[in-house]
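Secondary and tertiary structure notes
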Amino acid sequence: MEHTITLHPREVPRAHEDISDLRWPDDPTEIPDWIYTDQRIYDLEQQRVFGGAVWNYAAIEAELPNPGDYIRSYAGSVPIIIARDKKGEVHAFENRCAHRGAELCRSPRGNTDSFVCPYHQWNYGLDGSLKGIPFKRGVQGKGGMPADFDVAAHGLRRLRVTCHNGAIFVTFSEDTPPFEQYLGEEMLGEFDTIFNGRKLKLLGIHRNTLEGNWKLYQENLKDPYHATLLHTYLTTFGLFVAGNKTTIVADDAGVHSALRNARPKGELKLDETKAQINSFKEGMTLADPRVLDFIPEFNSDWSSSAITIWPNLILLRQMNILSARQIVPTGPNSFMLVWTAFGYEDDTPEMTQHRLRQNNIFGPGGFLGIDDHEAIKFVQDGLDKGIPRGGVAPLGRDDEPNDTVITDRAIRLMYKYYRKMMGL
């Protein structure tokens, strides 16, 4: 069930830096280096992308099962709190005291009746409203708040919230369209394959930081070309190989995408296609081959679907792995990933154990996640230290069928949308 709570949007500060010296190349396949390295661009992204008419992924409802539960999260670089009130409604507000600006919630998650700032003990409710101020009337008739101080106007800065089948998204903008419209019909179908109304079960969370620009991670999941070349695990064990049945689709705006793959049955053998892939290691085996077991559970032709929801969510269904990766930008050349592994409350104990076992594939130390992390650092090192020249994304045509992995189409579409958002 989806519900939307409209609260006070964040007053997004304007970026005043002059970027008139930055010009996007005329060639639509070229991507300028400065979008990954320039502090002015990073600051502007916080306003126009994360603070714009987008739905920022924040959590899954299974992280807040009880009234009074809360977690710390982020919308772009802004720390926020997601809390469930005593009536069961979900609220989101900035993790910043309205008094002197202190970050008031330091615990990653917990249960509480209210939030108390550690500095001057201002007290806030589970909806972010200001509830109490120490010595509001002063002491012995001296000091205290002015008589006309408006308590209602000094709550925590609130965000709009939408909950869709167990996933929580937030926005600073009153102009953000309804979630279904924001995703579009095809992408909503992919999303709802996972978030299908079954109650979710939290399996675990881990975090890691990466030395790279946050957009490189969105690119990575829109780039099927690298998956066939970089990842020994994917190619050797048949999870993603050139020649598999594969498609990459995008919404009408071109900003969300789904990279879908059907794993072939049987053992993979070296053929003409795989002979061109250095990452394919014939004869490599796993100590525990159960990690490759696929138990069909969805009405889908695809054994995997890597969904990118702009601007900060990677949603993965890989065999029986279900996970959400939240992108948290921390600077032009760094970001944090928050990995949330989940299943369903009605999973059998055997299925839960199977999902946990398969999660060894991904994560900061997973069988293939580390490949992407290292590659992203290599790209950022080149961008930061090399002579600027711009990268290129020329593979494939925008008007060709979407059933090839040798294409950069989804990356080009993303940056077409990005340019409009950023005014570049």
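What you are looking at is a predicted structure, and each value in this text was computed from that prediction instead of being measured.

Rules used throughout
- Residues numbered from 1 in each chain as written.
- Predicted model: local features only at pLDDT ≥ 70, side-chain atom pairs only at ≥ 80, totals over all residues.
- Heavy atoms only, no water.
- Pairing = 2+ DSSP bridges.
- Helix = DSSP H or I, 4+ residues; strand = E, 2+ residues; numbered from the N terminus.
- Axes fitted to C-alpha atoms, helices over the stretch in contact; angles between N-to-C directions.
- Contact = heavy atoms within 4.5 Å.
- Parallel < 35°, antiparallel > 145°, perpendicular 65-115°, else oblique.
- Nonpolar A, V, L, I, M, F, W, Y, C, P; charged D, E, K, R; others polar.
- Polar contact = N/O pair within 3.5 Å; in protein donor to acceptor, adjacent residues only side chain to side chain.
- Left-handed = near helix turned anticlockwise from the far one by under 90°.
- Buried < 20%, exposed > 50% of the residue type's maximum accessible area, 1.4 Å probe, protein only.

Bringing the sheet that holds strand S6 (residues 90–94) into the picture now. What the four strands build is an open sheet, ordered S6-S5-S4-S7; its pairing is antiparallel. Strands with a single pairing partner mark the edges of an open sheet, and in this sheet they are S6 and strand S7 (109–111). The sheet shows a mean angle of 30° between the axes of neighbouring strands, direction not considered. Relative to S6, strand S5 (residues 78–84) runs antiparallel, the two sharing five bridges. Bridge pairing in S6 places Ile80 opposite Glu94.

Turning our eyes to something else, we now look at the sheet that holds strand S13 (residues 200–210). Taken together, seven strands build an open sheet; the order of strands is S13-S19-S18-S17-S16-S15-S14 and the sheet is antiparallel. One side of each edge strand has no neighbouring strand; the edge strands of this open sheet are S13 and strand S14 (245–250). Adjacent strand axes in the sheet meet at a mean angle of 15°, parallel and antiparallel pairs treated alike. Sheet contacts for helix H4 (residues 185–194): S14, strand S15 (257–262), strand S16 (304–309), strand S17 (313–318), strand S18 (321–331) and strand S19 (334–344); angle to S17, the most-contacted strand, approximately 60°. Here helix H8 (residues 349–358) sits on the sheet and contacts S13, S17, S18 and S19; the angle it forms with S13, its principal contact strand, is near 10°.

Turning to the environment of Tyr182, a few remarks are in order. Relative to the helices and strands, Tyr182 resides in helix H3 (residues 179–183). With sequence-adjacent residues up to four places away left out, Tyr182 is seen in contact with Ala53, Val54, Trp55, Pro177, Asp251, His256, Ile309, Trp310 and Pro311.

What follows deals with the packing of helix H5 (residues 214–221) against helix H10 (residues 409–422). In the contact formed by H5 and H10, the axes pass within 9 Å of each other and the chain directions differ by 140°. By the angle between their axes, H5 is oblique relative to H10. Mapping the contact onto sequence places Lys215, Gln218 and Glu219 in H5 and Ile411, Met414, Tyr415 and Tyr418 in H10. When its residues are assigned to classes, the contact of H5 with H10 shows four nonpolar, one polar and two charged.

What follows is about the side chain of Ser73. Of note, Ser73 is situated in strand S4 (residues 69–75). Polar side-chain contacts of Ser73 include one of 2.8 Å to the backbone oxygen of Ala58. Among residues more than four places away in sequence, those in contact with Ser73 are Ala58, Val78, Pro79, Ile80, Ile82 and Gln326.

As a further point, take the packing of H5 against helix H9 (residues 369–385). The contact between H5 and H9 brings their axes to 10 Å, and the two run at 130°. Between H5 and H9, the interaxial angle falls into the category oblique. In this structure, H5 crosses over H9, and the sense of that crossing is right-handed. Residue-level inspection shows Leu216, Tyr217 and Asn220 of H5 in contact with H9, the latter providing Asp372, His373, Ile376, Val379 and Gln380. Residue composition of the contact of H5 with H9, by class: four nonpolar, three polar and one charged.

Before going further, it helps to examine unusual backbone geometry. Of the consecutive residues Trp310 and Pro311, the connecting peptide bond is found in the cis state with omega at 5°. Relative to the helices and strands, Pro311 is located in the loop between S16 and S17. Despite not being glycine, Asn165 has its phi angle at roughly 50°, a positive value. Looking at the element boundaries, Asn165 is found in the loop between strand S11 (160–164) and strand S12 (167–171). According to the relative accessible area criterion, Asn165 is buried, its value standing at 19%.

On their own, these measurements won't tell you what the molecule is for.
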